[in-house]
Structure formats: C-alpha cells, structure tokens
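Geometric and topological summary
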Amino acid sequence: MKETINIGVGKVDLREYGSAEAMRGVGNVTALNFNVTEDIKELKDFTNTGGGTYNEVRRVESVESSISMSDHSPKNMAIAVYGSTSEEAAGTETDEVIVAYSDGFNKLSKVLDTITTVNSAASGGGTEYTLDTDYEVRDGGLFILSGGNISDGSDVFVTYESKLSDIVEALVNSSKEYEIVFDGLNDARSGKSVVVEIHRQKMGATTGLDLIGDDFGNLELTGKVLKDTTITGTGLSQYF
C-alpha cells in the first residue's frame, strides 16, 4: 500500500471572488482546515423490539473552511474586521490643537515621529512647554505631567513630524467572498506537492484579535464554502 499520511505546510493566496486582480499571499498561515457538517435523516427500525436504524440518508449541510493567519498585515487585518485600508504619508502637522488634561494621555491625530514645539498659543507664540517637565512624548500623543506648567483643560498647540502609517478602518464593509489557493507541500512525504483550490468562500470576521499577550497572535477566520456555478464540467466540484 502506498503511504498517504500528511503533514501539511505551504503558502496561501487569495483574492476577492470574481475580481481580475492578482492573488495575494497572506503570509504565514498556522492552520488551514475544512469542517463538513451533515444533515442526517434516520428511519428507526420498528420491526423489532430491540430498535436500531432501518435506513439513513446523509446530505452535506455546509462546508466551513477556517484559516489562522499570524501575519497582521493591513490587508489581512481588513479582511478580519470587515475593514478598509489606506496609507497616510509622513508629514508636518502645524499647530494641532489638543485640550490638555493634566496627568492624562492626549491623543494626536497622526502617529507621532518627533515633536517640534508645544506651545500655549499658535505659530510659536505664548509659552513654549518643556519636554519631560511639562509633558512626555508617546507614539500616539502627549502625556501631560501634573507637576508642570500646562493648565488642566487648556488648549495646547503642537507642531510635530508624523510617521508614514497604514490605516485600517474597521467595520466599514460587509462580509466579502474570496477565491483561495493553498500551494502546499506534504512534509510527511518528502515535500510532495499538494494544491487545494477553494473556488468561493464567504469569509467571516475574526473570532479574536489579541493586541496584548505573551505569545504570537493569530487572526482566526472561518467562512462558508459556497457553490460556484461558473465551474462546469462532468465530475468537477463547484466547491473545492
């Protein structure tokens, strides 16, 4: 008997179903699985007192495919949270106004790179506040120190350089359908090729998005494999 055991590794590529764009690699995938759910109809055996099953009909109710992605790229994140992606260029933000709350974090509109000035008035006017005496710098904004010279609730004018940033806006799209290809290898058979095509999958949102933890985070996605009526021909599956 030919050995057919399997330990799978490989790459996963996808694109929106029906699009003409190139397939995109999603990076490191730690798991890719199918789960078939059956609708089972049983006819009980009433011809004997001992019971049993007289007949049974099994039909596939649904097929789900789940994927676990460890690469938290903007595009992967957008799939996971029904989002959209955009890129924000680095630049100079001049006299951005924040309401300074003492002993609290105050968010800036862009991701901070370097501070130029922090003043009590626009265009460098008024009092210029001092780093680590009046405020601390964090990536997302300023922390106002309670023992400094910035009055609680006052307007502060911040000029700074912002970083090049990838933006993911969550929950701005509905669930999308994807074409998925697993370009795999069987590690248990000296790297024999294994290629799996999912013709049409309706992707669900992630079941968890770990932002803090002591292990590598994964985007866990599950979706229904739907019938693709564009696949025609005798013996060809319209699913995968």
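The structure presented is a predicted model; accordingly, all values stated were derived computationally and were not measured.

Remarks on the nonpolar core
Among soluble globular proteins, nonpolar side chains are generally buried collectively. With 19 residues, the main nonpolar core has Val12, Val26, Ile67, Met69, Ile180 and Leu221 as its most contacted residues. Contributions of two or more residues to this core are made by β1 (8-16), β4 (53-69), α1 (74-80), β13 (177-186), β14 (192-203) and β15 (219-225). With sequence-adjacent residues up to four places away left out, Val12 is seen in contact with Arg24, Gly25, Val26, Val29, Leu32, Ile67, Ile180, Val181 and Phe182. In this structure, Leu108, Leu112, Leu142 and Ile144 belong to the second largest nonpolar core, which totals 13 residues.

Brief notes about the pairing of strand β7 (residues 104-107)
Side chains Gly104 and Asn106 of β7 all project onto a buried face; the interleaved residues Phe105 and Lys107 project onto a face where none is buried. As judged from the four bridges shared by β7 and strand β10 (residues 141-144), these two strands associate in the antiparallel manner. Each bridged residue has a counterpart across the sheet, and for Asn106 the counterpart in β10 is Leu142.

Comments concerning the layout of surface pockets
Estimated volume of the largest pocket: approximately 380 Å³. Residue lining of the largest pocket: 20 residues in total, with Glu16, Lys75, Ile79, Lys176 and Tyr178 positioned closest to the centre. Elements that contribute at least two residues to the lining of the largest pocket include exactly β1, α1 and β5 (84-88). In terms of residue class, the lining of the largest pocket is built from seven nonpolar, seven polar and six charged.

With respect to the sheet that holds strand β8 (residues 112-119)
A sheet is described by the order of its strands in space; here three strands give the open sequence β6-β11-β8, paired in antiparallel fashion. The sheet is open, and its two edges are formed by β6 (91-100) and β8, each paired on a single side. With direction set aside, neighbouring strand axes in the sheet form an average angle of 30°.

Some points on the side chain of Asp134
Relative to the assigned elements, Asp134 resides in the loop between β8 and β9 (135-138). Although Asp134 is buried, it forms no salt bridge, and the closest oppositely charged side chain is Arg138 at an N-O distance of 15 Å. Reaching out from Asp134, the side chain makes a polar contact with the backbone nitrogen of Thr130 at a distance of 2.7 Å.

As for a nonpolar patch on the surface
A contiguous nonpolar surface patch, about 270 Å² in accessible area, is contributed by Phe34, Tyr239 and Phe240. The residue Tyr239 is located in the segment after β15 in this model.

Overview of the packing of aromatic side chains
Throughout the structure, instances matching the rule amount to one aromatic pair. Considering the side-chain rings of Phe34 and Phe240, the 4.1 Å spacing of their centres and the 15° angle between planes classify their relative orientation as stacked. One end of the pair, Phe34, is in strand β3 (residues 29-44); the other, Phe240, is in the segment after β15, and 206 residues separate them in sequence. According to the relative accessible area criterion, Phe34 is partly exposed, its value standing at 36%. On the basis of relative accessibility, which here comes to 40%, the residue Phe240 falls in the partly exposed class. Cation over ring: Arg200 sits above Tyr17, and NZ or CZ is 5.8 Å from the ring centre.

Details of the pattern of salt bridges
For the coordinates displayed, the defined rule picks out nine salt bridges. Two residues, Arg200 and Glu177, come together in a salt bridge whose shortest N-O distance is 2.9 Å. Of the two residues, Arg200 sits in strand β14 while Glu177 sits in strand β13, which places them 23 residues apart along the sequence. Given a relative accessible area of 22%, Arg200 falls into the partly exposed group. By sharing partners, the salt bridges in this structure join Glu38, Glu56 and Arg58 into a single network.

A closer look at unusual backbone geometry
Peptide bonds are, in most cases, trans, and in most cases residues other than glycine have a negative phi. Its identity is not glycine, yet Asp132 carries a phi of approximately 70°, on the positive side. Within the secondary structure, Asp132 is located in the loop between β8 and β9. Under the relative-accessibility criterion, Asp132 is labelled exposed at 55%. One non-glycine residue with positive phi stands out, namely Ser190, at about 60°.

Considerations on the sheet that holds β1
Sheet architecture is open: seven strands sit in the order β2-β1-β13-β14-β15-β4-β3, paired in antiparallel fashion. Where the open sheet ends on each side, the last strands, each with one partner, are β2 (24-25) and β3.

So, the side chain of Ser162
The topology assignment puts Ser162 in strand β11 (residues 154-162). With residues near it in sequence (within four places) discarded, Ser162 still touches Ala89, Ala90, Gly91, Glu93, Lys110, Val111 and Asp113.

Rules of the game
- Residues numbered from 1 in each chain as written.
- Predicted model: local features only at pLDDT ≥ 70, side-chain atom pairs only at ≥ 80, totals over all residues.
- Heavy atoms only, no water.
- Core = buried A, V, L, I, M, F, W, Y, C linked by side-chain atoms within 4.5 Å.
- Buried < 20%, exposed > 50% of the residue type's maximum accessible area, 1.4 Å probe, protein only.
- Helix = DSSP H or I, 4+ residues; strand = E, 2+ residues; numbered from the N terminus.
- Contact = heavy atoms within 4.5 Å.
- Pairing = 2+ DSSP bridges.
- 1 Å grid on protein atoms, 1.4 Å probe; cavity = no way out; pocket = protein on both sides within 12 Å on 5 of 7 lines; lining within 4 Å.
- Points joined across faces, edges and corners; volume = space filled by probe spheres on them.
- Nonpolar A, V, L, I, M, F, W, Y, C, P; charged D, E, K, R; others polar.
- Axes fitted to C-alpha atoms, helices over the stretch in contact; angles between N-to-C directions.
- Lys, Arg positive; Asp, Glu negative; His and termini not counted.
- Salt bridge = Lys/Arg side-chain N within 4 Å of Asp/Glu carboxyl O.
- Polar contact = N/O pair within 3.5 Å; in protein donor to acceptor, adjacent residues only side chain to side chain.
- Patch = residues over 30% accessible without salt bridge, like charges linked within 9 Å, V, L, I, M, F, W, Y side chains within 5 Å.
- Areas by Shrake-Rupley, 256 points an atom, 1.4 Å probe, with all protein chains shown as cover.
- Phe/Tyr/Trp six-rings, centres within 6.5 Å; stacked < 30°, edge-to-face > 60°.
- Lys NZ or Arg CZ within 6 Å of the ring centre and 35° of its normal.

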